[in-house]
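Chains, contacts and geometry: an overview
In case you want the letters, here they are:
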Amino acid sequence: MRSIAIDGPAGAGKSTIAKKVAQRLGFIYVDTGAMYRSMALYLIRNGIGSGEEEKIARACKQIHISIEYQGGEQQILLNGENVNAYIRTEEVSRMTSDVSRYAAVREQLVSLQRKLAEEKDVIMDGRDIGTCVLPGADAKIYLTASSGERARRRYQEQQQRGIPCSLEEIEKDIIARDEQDMNREVSPLRQAEDAVLVDTSYMGIDEVVEEILRIYQEKTA
Ligand code: DC
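Just so you know, these numbers come straight off a predicted model, no measurement behind them. (Residues numbered from 1 in each chain as written. Predicted model: local features only at pLDDT ≥ 70, side-chain atom pairs only at ≥ 80, totals over all residues. Heavy atoms only, no water.)

**Section: the pairing of strand β4 (residues 73–78)**
How we decide: We call a residue buried when its accessible area falls under 20% of the maximum for its residue type, exposed when it is over 50%, and partly exposed in between, using a 1.4 Å probe and counting protein chains only. By definition, any uninterrupted DSSP run of H or I lasting at least four residues is a helix, any uninterrupted run of E lasting at least two residues is a strand, and each is numbered from the N terminus. Here the rule is simple: two strands pair whenever DSSP picks up at least two bridges between them.
In terms of burial, β4 is a largely internal element, five of the six residues being buried. With six bridges connecting them, strand β3 (residues 65–70) and β4 associate as antiparallel partners. Bridge assignment links Tyr69 to a residue of β4, and that residue is Gln74. The loop that links β3 with its antiparallel partner β4 comprises two residues; one of these, Gly71, has a positive phi angle of about 55°. For β4 and strand β5 (residues 81–82), the ladder comprises two bridges, and the chain directions are antiparallel. Within β5, the position partnered with Leu77 by the bridge is Asn82.

**So, unusual backbone geometry**
Here Asn79, not a glycine, exhibits a phi torsion of approximately 45°, which is positive. Residue position: Asn79 is located in the loop between β4 and β5. Within the chain, Ser187 stands out as a residue other than glycine whose phi angle is a positive 45°. Structurally, the position occupied by Ser187 is in the loop between α8 (167–183) and β8 (196–199).

**Digging into the sheet that holds β4**
Pairing is antiparallel across the open sheet formed by three strands, whose spatial order is β3-β4-β5. Looking along the sheet, the strands with just one partner apiece sit at the ends: β3 and β5.

**Brief notes about the environment of Val133**
Put simply, the rule reads: Note on contacts: a residue pair is in contact if any heavy atoms of the two residues lie within 4.5 Å.
Positionally, Val133 belongs in helix α6 (residues 129–133). For Val133, a relative accessible area of 2% gives the class buried. When the C-alpha atoms of Val133 and Leu109 are compared, they prove to be 9.5 Å apart, with 24 residues separating the residues in sequence. Once residues within four sequence positions are removed from consideration, Val133 is found in contact with Val110, Gln113, Arg114, Met124 and Asp128.

**A short note on the sheet that holds strand β6 (residues 122–126)**
Short version of the rule: Interaxial angle, 0 to 180 degrees, is taken between N-to-C directions of lines fitted to C-alpha atoms, where a helix line uses only the stretch in contact.
Taken in spatial order, the five strands make up an open sheet running β2-β6-β1-β7-β8, and their pairing is parallel. The two strands at the open ends of the sheet, each matched to only one other strand, are β2 (28–31) and β8. Taken over all neighbouring pairs, the strand axes of this sheet differ in orientation by 20° on average, direction set aside. Alignment of β2 against β6, held across four bridges, turns out to be parallel. Residue pairing for β6: Tyr29 is matched across the bridge by Ile123. Each of β1 (3–7), β7 (139–144) and β8 touches helix α9 (residues 205–220); the most contacted strand, β7, lies at about 155° to it.

**Notes on the site of the ligand**
Counted only if it meets this: Throughout, the term near means that a residue has one or more heavy atoms lying within 4 Å of the molecule or strand in question. Any pair of nitrogen or oxygen atoms within 3.5 Å is treated as a polar contact; in protein, a donor-acceptor pairing is required on top of that, and neighbouring residues in sequence qualify only through side-chain atoms on both sides. Accessible areas in this description were obtained via Shrake-Rupley with a 1.4 Å probe; residue shielding takes into account the shown protein chains only.
Near the ligand lie 15 residues; those nearest to it are Arg37, Arg106, Arg127, Asp128 and Arg184. Within the side chain of Ser100, a nitrogen or oxygen atom sits 3.5 Å from an oxygen atom of the ligand. Between the ligand and Asp181, the relevant distance is 3.1 Å, taken from an oxygen atom to a side-chain nitrogen or oxygen of the residue. Protein coverage of the free-state accessible area of the ligand, which is 450 Å², stands at 95%. In terms of residues, the shell around the ligand owes the most to one element, helix α2 (residues 32–45), which gives four residues.

In structure tokens:
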């Protein structure tokens, strides 16, 4: 099976780009952040705090995450319920960053992700795909952009959805989450040694897609 790993901080454009590359190559796009988000949603719904590691480890045993595709879009199922509509709130984003540092949470999801990559050609995005989940990926990309640019993109997205927000707050939040994701003990966000750095601050979407296709072709030639 073929695989492309895309890692990078929040708002770098990973999912937008990965979806397009998947379409071009006929691969499946796997959004691993959605899996961590669903775990966080379960914990919030069950009143479990982000500091309660033991309870979280026990709760993991009650959580079954799976994915399906509808019209090419990944749908995430939490114990059989489609939770796509509930996992993108700021509350869930914060909880996800808090609890994705726990080994119990990561082990369960990493094994699911590896299983998916064994069965299908995948382009998978997240924080530890190149460094931990798929160390043998055919191509590894580290996608990033300045925090100001990432905040501006998130701000525009929220505006389009009609959600009131402040650019300053979004940038502060993005920086805090990056800090936490890069400094946790288990599988922190970092560029794999063999990953290619793509800074999208001054690049358009199509340009980034072409660059990734080029890198993939070069690596698999
Ligand atoms: O990509 P995203 O913004 O949906 O990710 C949400 C959170 O999940 C983010 O704080 C980092 C965490 N995450 C992770 O630790 N490992 C992954 N492979 C994917 C996401």
